[in-house]
Amino acid sequence: MILQQSYHLLIRQLDYMRLTIMVLPRLSINNPKAIIKLVLILVALVLYDTLWDLFLSLLHFVLGTLHILFEFCEHTLERLIEHIFHADPRTAEIIVFYIILSIGAYVAFKLMQALPQWYGKLAEQLTDYWHNEKTRTVSYWQHQPTAEKIKWSSIFITSTFFMFLWIFS
């Protein structure tokens, strides 16, 4: 069991290193992907409010379109029920309401069945991530020379002191 967990931890660390190498390529003029990423990051930083406004406008458009589509389907179903069963509009409206309520209850039931599995997977992934980061940080700290450890410790103590000084003054 311990050997299997160590194996999985090693595989995940290798995947993390591969991901780091893929996500953080060397920045040079000859690497167009890195230049494109840099330009996109700069555009996102400079045009932050414009991009956020564009995103919200697109979200509003999509939700508005989905609402109109839902209303169209509901109206069509009402007219179809009126025509097939020779019902008045009020009766057709009630039938469509209960059909939509049944569909919603079915979707909610299936979602309630799936949520514990999704939560278990998410908790497992977060735990694995925590263990990987903890292992990586401890390994990094252990491989630092004593001078670096003293430097980082003094930076931490000094910044904590000034933070408390700023908060409590």
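Structure first, text after, so check above.
Residues numbered from 1 in each chain as written. Predicted model: local features only at pLDDT ≥ 70, side-chain atom pairs only at ≥ 80, totals over all residues. Heavy atoms only, no water.

What to know about the overall build of the protein
- A tally of helices and strands in the protein yields five helices and zero strands.
- Starting at the N terminus and ending at the C terminus, the protein contains elements arranged as α-α-α-α-α.
- For the protein, the residues scored as buried account for 7% of the 169 residues in total.
- For the protein, long-range pairs separated by at least 24 residues make up 24% of all intrachain contacts whose partners lie at least 6 apart in sequence.
- Accessible area for the protein stands at about 15300 Å²; split by element, carbon and sulfur atoms hold 74% of it. (Helix = DSSP H or I, 4+ residues; strand = E, 2+ residues; numbered from the N terminus. Buried < 20%, exposed > 50% of the residue type's maximum accessible area, 1.4 Å probe, protein only. Contact = heavy atoms within 4.5 Å. Areas by Shrake-Rupley, 256 points an atom, 1.4 Å probe, with all protein chains shown as cover.)

Things to note about a nonpolar patch on the surface
- There is a patch of nonpolar side chains on the surface, built from I35, L38, V39, I41, L42, V43, L45, V46, L47, L51, L54 and L58 and spanning about 1000 Å² of accessible area.
- Counting residues per element, the nonpolar patch draws most heavily on helix α2 (residues 32-46), which supplies eight residues.
- Residue position: L38 is located in helix α2.
- You can call L38 partly exposed: its relative accessible area is 37%. (Patch = residues over 30% accessible without salt bridge, like charges linked within 9 Å, V, L, I, M, F, W, Y side chains within 5 Å. Salt bridge = Lys/Arg side-chain N within 4 Å of Asp/Glu carboxyl O.)

Observations regarding the environment of V43
- Inspection of the secondary structure assignment puts V43 in helix α2.
- On the accessibility criterion, V43 (35% relative accessible area) is partly exposed.
- Among all residues touching V43, those that are not within four sequence positions of it are Y48 and L51.

Digging into helix α3 (residues 48-85)
- Between its first and last C-alpha, α3 extends 55 Å over 38 residues, near the 56 Å set by a 1.5 Å rise per residue.
- Of all the residues in α3, the buried ones are E78, I81 and E82.
- The inward-facing, buried residues of α3 contact α4 (89-142).
- Two residues or fewer past α3, H86 is found with a positive phi of approximately 50°. (Expected span 1.5 Å × (residues − 1).)

A few points about the packing of aromatic side chains
- Per the counting criterion, the structure on display carries four aromatic pairs.
- Look at F161 and F162: their rings are 5.4 Å apart centre to centre, the planes differ by 70°, and that puts the pair in the edge-to-face class. (Phe/Tyr/Trp six-rings, centres within 6.5 Å; stacked < 30°, edge-to-face > 60°.)

Remarks on unusual backbone geometry
- The phi dihedral of H86 is positive, around 50°, even though this residue is not glycine.
- Secondary-structure assignment places H86 in the loop between α3 and α4.

Here we look at the packing of α3 against α4
- Packing of α3 against α4 brings their axes to within 9 Å, and their N-to-C directions diverge by 125°. On the basis of their axis angle, the class for α3 and α4 is oblique. Considering only the axes of α3 and α4, their crossing is right-handed. Contacts from F70, E74, L77, E78, I81 and E82 in α3 reach P89, A92, E93, I95, V96, I99 and I100 in α4.
- When grouped by side-chain class, the residues that make up the contact of α3 with α4 number nine nonpolar, no polar and four charged. (Axes fitted to C-alpha atoms, helices over the stretch in contact; angles between N-to-C directions. Parallel < 35°, antiparallel > 145°, perpendicular 65-115°, else oblique. Left-handed = near helix turned anticlockwise from the far one by under 90°. Nonpolar A, V, L, I, M, F, W, Y, C, P; charged D, E, K, R; others polar.)

Thoughts on the pattern of salt bridges
- The tally for this structure, following the rule as stated, stands at four salt bridges.
- A salt bridge links E93 to R90, with the shortest nitrogen-to-oxygen separation between them at 3.6 Å. Here the residue E93 and the residue R90 both occupy positions in helix α4, the gap between them amounting to three residues, near one helical turn.
- One salt bridge connects K151 with E148, and the closest N-O pair in it is separated by 3.6 Å. In this pair, K151 and E148 are both assigned in helix α5 (residues 146-167), three residues apart and thus about one turn of the helix distant.
- Taking relative accessible area as the criterion, E148 reaches 26% and is therefore assigned partly exposed.

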